[in-house]
Amino acid sequence: MFQRFRRTRLNKHLRALVRETQVSVDDFIYPLFIRPGKGIKKEVSSMPGVFQMSIDEVLKECQVLKELGLYSIILFGIPDVKDSIGSDSLCEHGIIASSIREIKKVHPDMFVVTDLCFCEYTDHGHCGIIDEVHETVHNDATLKISGQQAVIHAKAGADMIAPSGMMDGIIETLRTSLDEAGFENLPIMAYSTKFSSGYYGPFRDVAESTPSFGDRASYQMDPANRREAIAESISDEAQGADILMVKPVLAYLDIVREIKDSTSLPMAVYNVSGEYAMLKFAGMNNLIDYDRVLMETMISFKRAGADIIISYHAKEVAKLLSS
């Protein structure tokens, strides 16, 4: 006798009862881009609905997020002055450190994650100190200042550190630096498998971090490499990461599932700028049923194994879930 799968599909309440994958507002972290000044809320043309904001506007945005049930944010800083080593990110009065303190003062219930990298702060747009001989980032020199950056974020009040530069040994370096500074309970969310991807295009606009030469293929993952991708995350787990991540996600759902099955840590995914822009512009041109495709995409992330979704769609998803 063949099985009649539709028996559990005919009634909408029964469909809900047997649904295997659920999306919740508690799954999301919302990215915020902060720049110096006051009264600044500048929409990014390549990412409709995403803004560069001054801290006063970010404080207003946090209230909007909380009203939607979103309490987790990840911060990216855009300083006025950039130099070869990203000095603003190493200063307790820099854009990120100052912003953390302001947010935690006004919104102590917000969970503040900080993106720890140098690409937004350097005049060359790369993720650390430049190795001029090989035209790439000097891994170990960058590790030294990354530890300083993490402690500055921690002292300012960050709730979690998320290093995105893909330096070898970064998790061990940050764990050691944080522990020695008395922040042994501060979690690290590793950008453990971050691919050198074409999906990041619009992010370069909002973060103003386009490399002045070359690309990041020498330190980010080759999109073709599956086994190496898994090894990267397993290595970060061994070094002391608390949460792993795959970035981007849409073209790498197979990697998400394989890492989820290979490790014991929670899994985050970053729904990146190019993925966001594709859906937004397709919806704006009536090429898709935007709300339906948006939720279908979020479900695919959860089904693949994601526990946490970093997404520019978070506010829209929260509204759909409450409607």
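Quick note: structure is the one above.
Residues numbered from 1 in each chain as written. Predicted model: local features only at pLDDT ≥ 70, side-chain atom pairs only at ≥ 80, totals over all residues. Heavy atoms only, no water.

1. Remarks on the environment of H134
Then, number 1: Take H134: it is sitting in the loop between β6 (130-131) and β7 (136-137).
Then, number 2: Assessed through its relative accessible area of 59%, H134 is described here as exposed. (Helix = DSSP H or I, 4+ residues; strand = E, 2+ residues; numbered from the N terminus. Buried < 20%, exposed > 50% of the residue type's maximum accessible area, 1.4 Å probe, protein only.)

2. Topic: the pattern of salt bridges
Then, number 1: Throughout the structure, instances matching the rule amount to twelve salt bridges.
Then, number 2: Of the charged contacts, one joins K302 and D27 as a salt bridge, the two residues approaching to 3.0 Å between their closest N and O atoms. Of this pair, K302 sits in helix α10 (residues 290-304) while D27 sits in the loop between α1 (12-17) and β1 (28-34); the two residues are 275 residues apart in sequence, bridging distant segments of the chain.
Then, number 3: Note on K302: relative accessible area 17%, which makes it buried.
Then, number 4: For D27, a relative accessible area of 10% translates into the label buried. (Salt bridge = Lys/Arg side-chain N within 4 Å of Asp/Glu carboxyl O.)

3. Section: the pairing of strand β4 (residues 72-77)
Then, number 1: In terms of burial, β4 is a largely internal element, five of the six residues being buried.
Then, number 2: Sheet topology places β1 next to β4; five bridges connect them, and they run parallel. Each bridged residue has a counterpart across the sheet, and for L32 the counterpart in β4 is L75.
Then, number 3: One ladder, built from four bridges, connects β4 with strand β5 (residues 111-116); its direction is parallel. Bridging across to β5, I73 finds its partner in V112.
Then, number 4: Of the crossover connections in this fold, the one passing from β4 over helix α3 (residues 95-106) to the parallel β5 is right-handed. (Pairing = 2+ DSSP bridges. Right-handed = clockwise from strand over helix to strand, strands pointing away.)

4. A closer look at the pairing of β1
Then, number 1: For β1, the buried fraction is high: seven of the seven residues fall into the buried class.
Then, number 2: The pairing of β1 with strand β12 (residues 308-311) spans two bridges and is classified as parallel. The partner of I29 across the bridge, within β12, is I310.
Then, number 3: The sheet contact formed by β1 and strand β3 (residues 47-53) spans two bridges and is parallel. Within the sheet, the bridge partner assigned to F33 lies in β3 and is Q52.

5. Overview of the side chain of H313
Then, number 1: Considering the arrangement of structural elements, one finds H313 in the loop between β12 and α11 (314-322).
Then, number 2: Sequence-distant contacts of H313, that is, excluding residues within four places in its chain, are made with N271, Y276, L279, K280, Y290, L294 and M298. (Contact = heavy atoms within 4.5 Å.)

6. Considering helix α2 (residues 55-67)
Then, number 1: A rise of 1.5 Å per residue sets the reference length of α2, with its 13 residues, at 18 Å; its end C-alpha atoms lie 19 Å apart and thus fit the reference within 8%.
Then, number 2: Regarding α2, the residues found buried are E57, V58, L59, E61, C62, L65 and K66.
Then, number 3: Summarising the contacts, the buried residues of α2 are in contact with β1, β2 (41-44), β3, β4, α3 and α11.
Then, number 4: G69, located one to two residues past α2, shows a positive phi value of around 90°. (Expected span 1.5 Å × (residues − 1).)

7. Some details on the environment of I103
Then, number 1: Residue position: I103 is located in helix α3.
Then, number 2: As a C-alpha pair, I103 and D56 span 47 residues in sequence and 9.4 Å in three-dimensional space.
Then, number 3: If sequence neighbours within four positions are ignored, I103 has contacts with I34, I55, V58, L59, C62, I73, L75, P108, M110 and V112.

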